[in-house]
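Structure assessment
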Amino acid sequence: MNHRKTTLFLYFPIIWIVLILLSSTSCALETVIGVNAGYDSNVNAAPEESGSSFTAGHIHLNHPISHEKAFGKTTLYLNSFYQHYSRFEDNMSVNAGAYYSCFPGSDRLMALALVEAGIYRDKEDAADELNQLKTGGQLKFFYNGKTTFQLAQFFHWNHYLEPAEYAVPTGSGNGNTDTGFLIQSETRNDCYMSSDMGVAIQLHPLFNMTVAGLYNRLYSSIQTEAYDGFGGSVYCRFSPDSSWGIATEALLWKNDFDDSQDRTDIFRSVNILINLFIDRYELFIRSDFMDNDSSLDNETYKRLVTRCGVSVFF
């Protein structure tokens, strides 16, 4: 499919939602505008680390619509993000969508369905640029006032704008042990399925924890990119007061690739967030440490991203 036509196809729902958000007067428009700055020690997530300072900005728009004749609520949203590096090229993303939530038959069971369209552009690495469609749903069961069980299933269809290049081993066919490589180019389209099952527990009025088991499956037109992923995460938040809190999350992930090279990646990440709310302002500082241990040397890396900023709620 023509890249321009594909991009325009995804712009239509984004533009439609923007027009609704800006023109609607039936309900308040919830807006968050934020700016932040920080340092990324390994911008390209490569074995040879190359860092850069950066500044970034984001805008989140939400427009909830309560249905008088239907049970539930619809929320339209638009999320945009732009990041500028001092030593690398910029990147940006825009996502627009809608989700419907309701309590079917019980105030203890909540169901949510979502549909979203998005774009990602990266001047540093054009191979990462894509258009995306996303859909899926989530169930939450409020067991009691302190325990909530949740189950989610989402599907992502990614169309990459640039063809992918990869090496294919070739043999001489005459018994010679020498092997060469042929560089092939192919349009990349992925179907990414993500599933998670978890439980959120309030262990103390000041302390909440969420534990989740995760499974992903990536189907790709590029055989070397297809994989099964298994992992788990733990999220904790301590809030001594409603005006501030500390949150941390740890993630352990293993990807087993279908490729004949027998590639396996073990991904680990830990982050910590401290935020302070003053009236309609949020001040925050966040650090993320990521580590990918791969059977392929060129996919092994470490990365530390630290940022601080302010968000304004309208």
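As a reminder, the structure under discussion sits directly above these lines.
Each value, and the rule that gives it
Residues numbered from 1 in each chain as written. Predicted model: local features only at pLDDT ≥ 70, side-chain atom pairs only at ≥ 80, totals over all residues. Heavy atoms only, no water. Patch = residues over 30% accessible without salt bridge, like charges linked within 9 Å, V, L, I, M, F, W, Y side chains within 5 Å. Areas by Shrake-Rupley, 256 points an atom, 1.4 Å probe, with all protein chains shown as cover. Salt bridge = Lys/Arg side-chain N within 4 Å of Asp/Glu carboxyl O. Helix = DSSP H or I, 4+ residues; strand = E, 2+ residues; numbered from the N terminus. Pairing = 2+ DSSP bridges. Buried < 20%, exposed > 50% of the residue type's maximum accessible area, 1.4 Å probe, protein only. Contact = heavy atoms within 4.5 Å. Polar contact = N/O pair within 3.5 Å; in protein donor to acceptor, adjacent residues only side chain to side chain. Core = buried A, V, L, I, M, F, W, Y, C linked by side-chain atoms within 4.5 Å.

**Section: a nonpolar patch on the surface**
A grouping of Trp244, Ile272, Ile274, Leu276, Ile278, Tyr281, Leu283 and Ile285 is seen on the molecular surface, where their side chains present a nonpolar patch of about 650 Å² in accessible area. Of all elements in the fold, only β14 (264-278) and β15 (281-294) reach the threshold of two or more residues within the nonpolar patch. Residue contributions to the nonpolar patch peak at four residues, all from β14. Relative to the helices and strands, Ile274 resides in strand β14.

**Section: unusual backbone geometry**
A positive phi angle, near 50 degrees, is found at Ala45, a position not held by glycine. Here the phi dihedral of Asp279 falls at roughly 60 degrees; this positive angle occurs in a residue that is not glycine. Along the chain, the position of Asp279 falls in the loop between β14 and β15.

**Things to note about the pairing of β14**
Direction of pairing for strand β13 (residues 244-257) relative to β14: antiparallel, over a ladder of 13 bridges. Bridge pairing links Ala250 to Val270 in β14. As judged from the 14 bridges shared by β14 and β15, these two strands associate in the antiparallel manner. Of the residues in β15, the one forming a bridge with Leu276 is Leu283. Where β14 folds back on β15, the antiparallel hairpin that results is connected by two residues, among which Asp279 adopts a positive phi of roughly 60 degrees.

**Digging into the side chain of Ser101**
Structurally, the position occupied by Ser101 is in strand β4 (residues 91-102). Residue classification places Ser101 among the buried residues on the basis of a relative accessible area of 12%. Excluding residues within four positions of it along the chain, Ser101 makes contact with Gly72, Lys73, Ala111 and Leu112.

**Focus: the pairing of strand β2 (residues 52-66)**
Sheet analysis places strand β1 (residues 30-40) next to β2, joined by eleven bridges and oriented antiparallel. Bridge pairing in β2 links Thr31 to Leu61. The pairing of β2 with strand β3 (residues 73-85) spans 13 bridges and is antiparallel. Bridge assignment links Phe54 to a residue of β3, and that residue is Tyr85.

**Section: the side chain of Asn36**
By secondary structure assignment, the location of Asn36 is in strand β1. Overall, the relative accessible area of 8% leaves Asn36 in the buried class. Here Arg307 takes part through its side chain, which lies 3.0 Å from a polar atom of the side chain of Asn36. Among residues more than four places away in sequence, those in contact with Asn36 are Phe54, Thr55, Ala56, His58, Phe284, Arg307, Cys308 and Gly309.

**Describing the environment of Gln153**
Looking at the element boundaries, Gln153 is found in strand β7 (residues 147-160). Expressed as a C-alpha distance, the spacing of Gln153 and Tyr215, which sit 62 residues apart in the sequence, is 9.7 Å. Sequence-distant contacts of Gln153, that is, excluding residues within four places in its chain, are made with Thr135, Gly136, Gly137, Met193, Ser194 and Ser195. For Gln153, the side chain forms a polar contact with the side chain of Ser195, separated by 2.5 Å.

**Some thoughts on the nonpolar core**
Listed in full, the nine residues of the largest apolar core are Val43, Phe54, Tyr85, Phe88, Trp253, Phe267, Met290, Tyr301 and Val305. If near-sequence neighbours (up to four positions away) are discounted, Tyr85 is found in contact with Asp40, Val43, Ser52, Ser53, Phe54, Asp90, Asn91 and Arg303.

**A word on the environment of Phe154**
By the element assignment, Phe154 lies in strand β7. Separated by 38 residues in the primary sequence, Phe154 and Tyr192 place their C-alpha atoms 8.3 Å from one another. When neighbours within four sequence positions are excluded, Phe154 is seen to be in contact with Leu114, Lys134, Thr135, Gly136, Gly137, Tyr192, Met193 and Ser194.

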